[in-house]
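Results of the structural survey
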Amino acid sequence: MENKKIEEKWQKYWDEHESFKAETGSDKKPYYILVEFPYPSGSGLHVGHVRSYTAQDAMARMMRMQGYNVLFPMGFDAFGAPAEQYAIKNHIHPKEAIAKNIVTFKNQMKTLGFSFDWNREFSTTDPEYYKWTQWQFLKFYEHDMAYKATVPVNWCPNCKTVLSNEDAAGGVCERCGTQVVQKEKSQWMLRMSDYAEDLLKGLDDTNFAEKVKLGQINWIGKSIGAEIIFKVDGCNEEFTVFTTRCDTLFGATYCVLAPEHKLVDIITTEEHKKEVADYKHACSLKNDLERTELNKDKTGVFTGAYAINPVNNNKIPIYISDYVLASYGTGAIMAVPAHDERDYDFAIKFNIPIIQVLEEETGKKANNETKKNSIVAILYDEKNDKYLTINWHELGGRLFIGGTIKENETPLECAKREILEETGYENFELVHELSKINHHYYAYNKDKYFNIESTGFLFKLIDNEKVEQNLDEDEKFDIEWVTKEVIEKEITDELHKKTFEYAIKPGAMVGDGIHINSEFLNGLNKDEAIAKMLEFLEENKCGNKQVNYKMRDWIFSRQRFWGEPIPMIYCEKCGWVPMDEKDLPLLLPDVAEYEPTDTGESPLAKITDWVNTTCPKCGDAAKRETDTMPNWAGSSWYFLRFMDPHNTKEFASMDALKYWNKVDWYNGGMEHTARHLLYARFWVQFLYNIGLVPNKEMIWTRVSHGMVLGSDNQKMSKSKGNVINPDDIVKEFGADTLRTYELFMGDYELDCPWNTDSLKGCKRFLDKVIRLKDKVIEGNEYSKDLETIINKSIKKVEYDLTHMGYNTAISTLMILTNKYEEQEHITREDYHLLLTLLNPIAPHTTEELNEELGYKPLCETSWPKYDEEKTIDKEKKIGVQVNGKTRAAIKVAIDEDIELTKEKALNENNVKKHIEGKEIIKIIVLPGRIVNIVVK
RNA sequence: GCCCGAGUGGUGGAAUGGUAGACGCGGCGGACUCAAAAUCCGUUGGUAGCAAUACCAUGUCGGUUCAAGUCCGACCUCGGGCACCA
């Protein structure tokens, strides 16, 4: 068969017969399958697009045959930076470049036979479409969901342009490599953070894959905690901090304000003014990346002011540091170095006291415990990189030096005394005192349960001078210097193990434990203490429970040309005035220059004819907003437009929206499951709240696919030279071969490398299917011998095509084909069945063969039904195990008597061999599945 | 650092807790051919053995179970996302 001719023939047929047209309002059950629309770049369709489009296409084709009214649309997401860059370089209007690319994309999609309903196609750059994007922006504005705010942006001083975070990756301008700085700019914002809780709750009304839900949850970043008010000592000021660990308030030893915090200049004392000003200035020069990635080392300065800890009235110093972000929480924190890593680092660097208020708990709690205080001392010999241990042999294994604190003795004195007594070493110095641990244990020699508060110490050996050990008779142990590895292997006591962990990696204890040094919280664990502290704060009016979200408002302005113009007008007299709805769309002007201006404004700012207008409110001269919308805007509601794409009165009618109800199945890349999906859900929820869409969530299932990698297992890229062009493959092997291979290559949800050899195997498979036609004889029923495998295959393919098991659907069809091949003859109906099942995957070849057979086109026939009874094998080979090891296989009939199966199993020679001379304890028989004989 | 995901033959990958390696690629041997391509037949996890078969084998180490690639715990490696979010 000649691929090209057949492919074109059927593509033409589908086009002319509008075979895939979705009918809004049809009586058939609607089903909406959506695959992310592409950005029509100059390089054409990627084999990755082909994989996901083919997968959804197969599903759509099958479901149509099953009688669904399937909406499977396609369009183009064509605003954005690449087209603009291309325009700047070549002085072509992006509109023209995009139009050309769309033609290429569409042709490519057609040659692959995707069953999109092309009647519904649009591009986000069509004025008929972006008119409604602008209209929706006006709705946001009308409902006070859009506002102007001054926010810092990435600024390249060389290019004089604002950069997106992506373009400023690594802190340098992507284009010229200049250091990016932060600059304040007035931007349009959408109040997305108001929707944080609804976006979180809404997930319950979706069927998103679990990992997708998690991505959304993480992005929203809800944290429950408390706000606590700190008064500033000696003046009337106060500030509020946010914390998730109000239980550690007794351990707060300082506070930090973000450098941008309003109070900083007010509370800074005279002698610290210069230092603080200098620090603030230095921070303003840093961009986000320097403040985070490049600069984990803590910096900061003291303001000279003190805050009052509301729980104990302690005076604690107030610092400013850029590790506290102005944009999260209240822009101020209480610092608890003992129980927060960042605070710990800062406290160590600035020599601020560390107060432990939580003890980690080890061992098992028991009743009737006797309390005592003790120490664990670790002595380290730097020269030999070894630690001093005591080997109690069978009496207690290997431990460090330990002991009980005597009356009138500090823990440190106790530790020093124990080292001297037990080992004789006398010259050593303290390195660290470690966090206290609350340990439970049972002492066999005393038959008593103990609960001890253990203080750990790390000492460094100075020299080997020793005195005579002062030992009791019954103390039988050896003193041994050992390496870290030996300790990790041989010290099993929980307390000593934990102490060693603290010793080699000092830091904050951030886990749960038992509160100490915390008055009314002492003895409580973390959750209990949080609850109790919240009570205290509220009673004393110095704090309350508070929820915070990482998600911020959406910065909606771009200083770009190629985007939807924001339909707002600035009037000196009236301020920001929205455009009149009837004047939409506000078209992008035709110009020849797309370079941003020197001031970082959009290129639109230079087009005075366009910018200058009149105020819709007072009629005076006014200016248009020259910023445009982000790329995310158009893609936040395109799936709604597909439901009613030609509506000129509304973005989509409520009737159409209600008919289709939701996107039933939405497939896209993992990279879009966080942001795009969140923006789209936010947009929809807003439309729902103002009564314009029927559901709060308009997307039911969201799934994602893996990437198609180059044959070198690397992401395909021109520079790596590993790019596969789908056109070449179609030309050489045919569209159906490419389609089959892309689905067969591997697990659809995982990345998979390209392999042209494997592709050839798929061609072989299709050729085999074609050759089968020579075996066809008359017959309107399935061959008797093939009934079971046919029914099984229908069931399996049907399941797999709706559960992303595309590769196993194809392997099922390969097995069926191989089975057919073994036959002398197959009936016309056998063959028709195979062609029907294969049709969603390889539509051209199967349509052609089907036509030769004399049937009406497959796209107009219905999906075969299977008979559950006939999917079950009458006879099956099952394994026989002895003690879980497979020793033989037997054939069993369906519904065979268990006793008979047992007998057969026991009669197998190899089974006999393995049970010979042994006692049979039991025989497990799962009919039709397994026999396991347990012997002793 | 945190959150996901993944580790199975030479290779892409299959396996509702039940004969691990389906299906495909590649390899090897053979048929057809003057030859090649295409096609067909056989074989193909490792070790030992003529064979029957035995042992080993799903990243590592433990555990649960009659039975673990699959469930639980600890860890290692790779990929992705987030990253001073208090």
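Along each chain, numbering runs from 1 in the same order as the chain's sequence is written. For this description, chains carry letters from A and ligands carry numbers from 1, given in the order in which they are written. Note on the predicted model: pLDDT of at least 70 is required for a residue's local features to be given, and 80 or more for side-chain atom pairs to be given and counted; whole-chain, interface and lining totals, by contrast, use all residues. As a convention, hydrogens and water are excluded, and side-chain values are obtained from all of the structure's heavy atoms.

1. What about helix 21 (residues 726-733)?
Here helix 21 has its buried residues at P726, I729, V730 and F733. The arc enclosing the buried residues of helix 21, seen along the axis, measures out at 100 degrees, which places them on a common side. For helix 21, the exposed residues set more than 90 degrees away from the buried face come down to K731 and E732. Buried residues belonging to helix 21 abut helix 1 (3-17), helix 2 (47-65), helix 4 (94-111), helix 22 (735-744) and helix 23 (756-771). Residue N725 occupies the N-cap position of helix 21, its side-chain oxygen lying 2.9 Å from the main-chain nitrogen of D727. The cut-offs for exposure are 20% and 50% of the maximum accessible area for each residue type, with area from a 1.4 Å probe on protein chains only; residues under the lower value are buried, those over the upper are exposed, and the others partly exposed. Numbering of helices and strands runs from the N terminus; a helix is a DSSP stretch of H or I covering at least four residues, while a strand is a stretch of E covering at least two. Think of it as the arc spanned by the lines of direction from the helix axis to the C-beta atoms. Contacts: residue pairs with any heavy atoms within 4.5 Å of one another. Between N or O atoms, a polar contact is any pair within 3.5 Å; within protein, one atom must be a potential hydrogen donor and the other a potential acceptor, and residues adjacent in sequence are included only when both atoms are from side chains.

2. Description of the environment of Q66
Examined against the element boundaries, Q66 turns out to sit in the loop between helix 2 and strand 2 (68-71). Q66 sits 180 residues away from C246 along the chain, and the two C-alpha atoms are 58 Å apart. Setting aside residues up to four positions removed in sequence, Q66 forms contacts with E798 and W863.

3. Some words on a negative patch on the surface
Patch membership requires over 30% relative accessible area and the absence of a salt bridge. Like charges are linked within 9 Å, and nonpolar side chains (Val, Leu, Ile, Met, Phe, Trp, Tyr) within 5 Å. All accessible areas in this document rest on Shrake-Rupley with a 1.4 Å probe, and a residue is counted as covered only by the protein chains that are shown. By salt bridge we mean one thing: a side-chain nitrogen of Lys or Arg within 4 Å of a carboxyl oxygen of Asp or Glu. Under the convention used here, Asp and Glu are negative, Lys and Arg are positive, and both His and the chain ends fall outside the count. Charged side chains are reduced to one point each, which is NZ for Lys, CZ for Arg, CG for Asp and CD for Glu. Judged by side-chain charge, E361, D512, D527 and E528 come together as a negatively charged surface patch. On the secondary structure map, E361 appears in strand 12 (residues 358-363). Looking at E361, the relative accessible area reads 35%, which means it is partly exposed.

4. Things to note about the nonpolar core
For the purposes of this section, nonpolar cores are sets of buried Ala, Val, Leu, Ile, Met, Phe, Trp, Tyr and Cys residues that join through side-chain atoms within 4.5 Å. Counting 157 residues, the largest nonpolar core has M109, F639, L640, F651 and W754 as the members making the most contacts within it. Judged by nonpolar contacts, the second largest core, of 38 residues, contains L249, C255, M334 and C542.

5. Some remarks on the sheet that holds strand 24 (residues 568-571)
Note on pairing: two strands pair once DSSP finds at least 2 bridges between them. Reading across the sheet, the 4 strands line up as 25-24-27-26 and stay open at both edges, with antiparallel pairing between neighbours. Strand pairing shows two members of the sheet lacking a second neighbour, strand 25 (575-578) and strand 26 (612-614), which therefore form its edges. Each strand axis lies, on average, 45 degrees off the axis of its neighbour in the sheet, ignoring direction. What counts as an axis is a line fitted to C-alpha atoms, over the stretch in contact for a helix, and the angles between N-to-C directions run from 0 to 180 degrees.

6. Some points on the confidence of the model for chain A
Any residue range with low pLDDT should be treated as having predicted coordinates unsuitable for detailed reading. Confidence of the prediction at every residue is given by pLDDT, a number between 0 and 100. The predicted model of chain A has a mean per-residue pLDDT of 91, with 96% of residues at 70 or higher. Scoring of the predicted complex yields 0.91 for pTM and 0.95 for ipTM.

7. Re the packing of helix 21 against helix 22
One can describe the packing of helix 21 onto helix 22 by two numbers: an axis separation of 7 Å at closest approach and a directional angle of 120 degrees. By the angle between their axes, helix 21 is oblique relative to helix 22. Residue-level inspection shows P726, I729, V730 and F733 of helix 21 in contact with helix 22, the latter providing A735, T737 and L738. Angle categories are assigned with fixed cut-offs, so that under 35 degrees is roughly parallel, over 145 is roughly antiparallel, 65 to 115 is roughly perpendicular, and the rest are oblique.

8. As for the sheet that holds strand 28 (residues 663-669)
Read across the open sheet, the 4 strands follow the order 2-1-28-29; overall the sheet is parallel. Of all the strands in the sheet, just strand 2 and strand 29 (699-705) have a single pairing partner and so form its edges. Put simply, the sheet's adjacent strands are angled 20 degrees from each other on average, direction ignored.

9. Topic: the packing of aromatic side chains
Pairing of aromatic rings covers Phe, Tyr and the six-membered ring of Trp, with a centre-to-centre limit of 6.5 Å; geometry is then stacked below 30 degrees between planes, edge-to-face above 60, and tilted otherwise. Per the stated rule, a full pass over the model turns up 60 aromatic pairs. Geometrically, the ring pair formed by F79 and Y130 is tilted, given 5.7 Å between the ring centres and 55 degrees between the ring planes. With F79 in the loop between strand 2 and helix 3 (81-90) and Y130 in helix 5 (residues 127-142), this pair connects stretches of sequence that are 51 residues apart. Note on F79: relative accessible area 3%, which makes it buried. The class of Y130 is buried, set by a relative accessible area of 4%. Judged by centre distance (4.8 Å) and plane angle (40 degrees), the ring pair of F122 and F642 falls under tilted. With F122 in the loop between helix 4 and helix 5 and F642 in the loop between helix 18 (638-641) and helix 19 (654-660), this residue pair connects regions lying 520 residues apart in the sequence. Judged by relative accessible area, F642 falls into the buried class, the value being 1%.

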